[in-house]
Amino acid sequence: MTPAGRLAAFGAGLAVAVGLGAALGAAVGPDPAVRTAEEPAPVGEGVVSATDGYRLVPAVSTLDPGGGPFRFVITGPGGAPQRAFTPVHERRLHLILVDRELTTFRHLHPRLGADGTWSVHLPPLAAGSYRAVADFQVAGGPRLALGTDVGVPGAYAPGRLTEPSSRASVDGYDVTLATRHRAGGEVTAALTVSRDGRAVTDLEPYLGAGGHLVALRAGDLAYAHVHPLPGSRDRTGRGTVRFDATLASAGRYALFFAFKHAGTVHTATFTVDQGTVAGDAVMEH
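Anyway, here's the lowdown on the structure attached to this text. (Residues numbered from 1 in each chain as written. Predicted model: local features only at pLDDT ≥ 70, side-chain atom pairs only at ≥ 80, totals over all residues. Heavy atoms only, no water.)

### A look at the sheet that holds strand β1 (residues 50-51)
Rules: A pair of strands is treated as paired once DSSP finds two or more bridges between them. Secondary structure elements follow DSSP: runs of H or I no shorter than four residues count as helices, runs of E no shorter than two count as strands, and numbering proceeds from the N terminus.
Pairing in this open sheet of five strands is antiparallel, and the strands run β1-β2-β3-β7-β6 from one edge to the other. Pairing within the sheet leaves two strands with one partner each, and these edge strands are β1 and β6 (111-112). Relative to strand β3 (residues 68-75), strand β2 (residues 54-58) runs antiparallel, the two being bridged by four bridges. The partner of P58 across the bridge, within β3, is F72.

### What about the environment of W118?
Looking at where W118 falls in the secondary structure, it is placed in strand β7 (residues 117-122). Residues W118 and I74, spaced 44 residues apart in sequence, show a C-alpha to C-alpha distance of 8.3 Å.

### So, the sheet that holds strand β8 (residues 128-137)
Where we set the bar: For helices, the fitted line uses only the C-alpha atoms of the stretch in contact; every axis is such a line through C-alpha atoms, and the angle between N-to-C directions lies from 0 to 180 degrees.
Taking strand neighbours across the sheet as the criterion, the four strands line up as β5-β4-β8-β9 in an open arrangement whose pairing is antiparallel. The two strands at the open ends of the sheet, each matched to only one other strand, are β5 (105-108) and β9 (143-152). When strand polarity is set aside, the average angle formed by the axes of neighbouring strands in this sheet is 15°. In this structure, β8 lies alongside β9, joined through ten bridges in antiparallel fashion. For Y130, the partnering residue across the bridge sits in β9 and is V150.

### Structural notes on the side chain of Q82
Quick reminder of the rule: With a 1.4 Å probe rolled over the protein chains alone, any residue whose accessible area is under 20% of its type maximum counts as buried; one over 50% counts as exposed, and the rest are partly exposed. Counting of polar contacts relies on pairs of N or O atoms within 3.5 Å, with two restrictions inside protein: one atom must be capable of donating a hydrogen and the other of accepting it, and residues adjacent in sequence are counted only when both atoms are side-chain atoms. Contacts are assigned to residue pairs that have any heavy atoms within 4.5 Å of one another.
Checked against the element boundaries, Q82 lands in the loop between β3 and β4 (93-99). Of the residues examined, Q82 reaches a relative accessible area of 15% and is grouped as buried. Only 2.8 Å separates the side chain of Q82 from the backbone oxygen of A84, close enough to count as a polar contact. The contact partners of Q82, leaving out residues within four places of it in the chain, are Y54, I74, T75, G76, G116 and V138.

### Focus: the packing of aromatic side chains
To be explicit about the condition: Here the aromatic set is Phe, Tyr and Trp, taking the six-membered ring for Trp, and pairing holds for ring centres within 6.5 Å; pairs whose planes are under 30 degrees apart are stacked, those over 60 apart are edge-to-face, and all others are tilted. Note on geometry: a ring has a charge over it if NZ (lysine) or CZ (arginine) is within 6 Å of the ring centre and within 35 degrees of the ring normal.
Counted by the stated rule, this structure contains eight aromatic pairs. Seen from their ring centres, Y173 and F259 are 5.4 Å apart, and the 75° between their planes marks the pair as edge-to-face. Of this pair, Y173 sits in strand β11 (residues 173-181) while F259 sits in strand β18 (residues 251-261), and the two are 86 residues apart along the sequence. Comparing Y173 with F259, the two get one shared label, buried. Feature note: the residues F70, F72, F85, W118 and F136 constitute an aromatic cluster, connected by ring pairs. It is R195 that lies over the ring of Y173; its NZ or CZ is 4.5 Å from the centre.

### Overview of the pairing of β5
Where β4 meets β5, four bridges bridge the pair, whose relative direction is antiparallel. Its bridge partner lying in β5, L97 is registered against R106. Two successive antiparallel strands, β4 and β5, enclose a turn made up of five residues, where L102 displays a positive phi of approximately 60°.

### Here we look at the nonpolar core
Rules: We define a nonpolar core as any set of buried Ala, Val, Leu, Ile, Met, Phe, Trp, Tyr and Cys residues linked to one another through side-chain atoms lying within 4.5 Å.
In this structure, V175, L191, V193, L213, F257, F259 and F270 are the most contacted members of the largest nonpolar core, which totals 26 residues. Among the secondary structure elements, those contributing two or more residues to this core are β10 (167-170), β11, β12 (186-195), β14 (212-217), β17 (240-246), β18 and β19 (264-277). With sequence-adjacent residues up to four places away left out, F270 is seen in contact with S165, S166, R167, A168, V175, T176, L177, L191, Y253, A254 and L255. Grouped together as the second largest cluster of nonpolar side chains are 25 residues, L63, L97, L125 and V138 included.

As structure tokens, then:
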């Protein structure tokens, strides 16, 4: 494959990863003071590298286990790199990188070069297979979530998604998940952050939101649309932020909740099972 072809292929995969990240960010719930009209769900679910004439093209399909630069382009209907994007949650593109077991999760924000090439520095990664998802809004065009598979060479040690639970701990913080089922697979998720037994009531805005929530289905790594509820920023004094998610397909999901406190972003991970009762999806806890 020529260098141009590799770059095109690389761009497609990276765009998919970004799509996932952006979708998740929308789920957490921006501050009403900065929130605009609710954006539509991105098309593609992170499982395709091309749709509506746009394609995610990575420069490489094999990543360096020690980390390093990752470059890609998003080509438009004419085949040329797309250069005009509308920011969503304060960024023109969000990149999500997850392993097949959903045990490694990275939400990154690549930079766009003058030639239409996106670039980002990846951290060291364990050997295995990963999905890169790009979430972005084309200026004057569609909102898309495109994905591609990339690999990291080395001795592979498979991970395992934890069993479903309503509690998670990260960096000394405890996070509780409460869900409420509605018809059609719609689920309201309320996430409460505490530390040392006390609610964290001074969560800081993160990318213009009170937090970000990403939902990915185990198996095909499909991205589920999540968006913030109006006024979802913590107004209760309980350290709680709220989102709406559409988990229309039965299966196991990983939820990645990113919140910011004391200047640092932390990500809590949950596992939930979505069942089916009388044709309607139900969150089973």
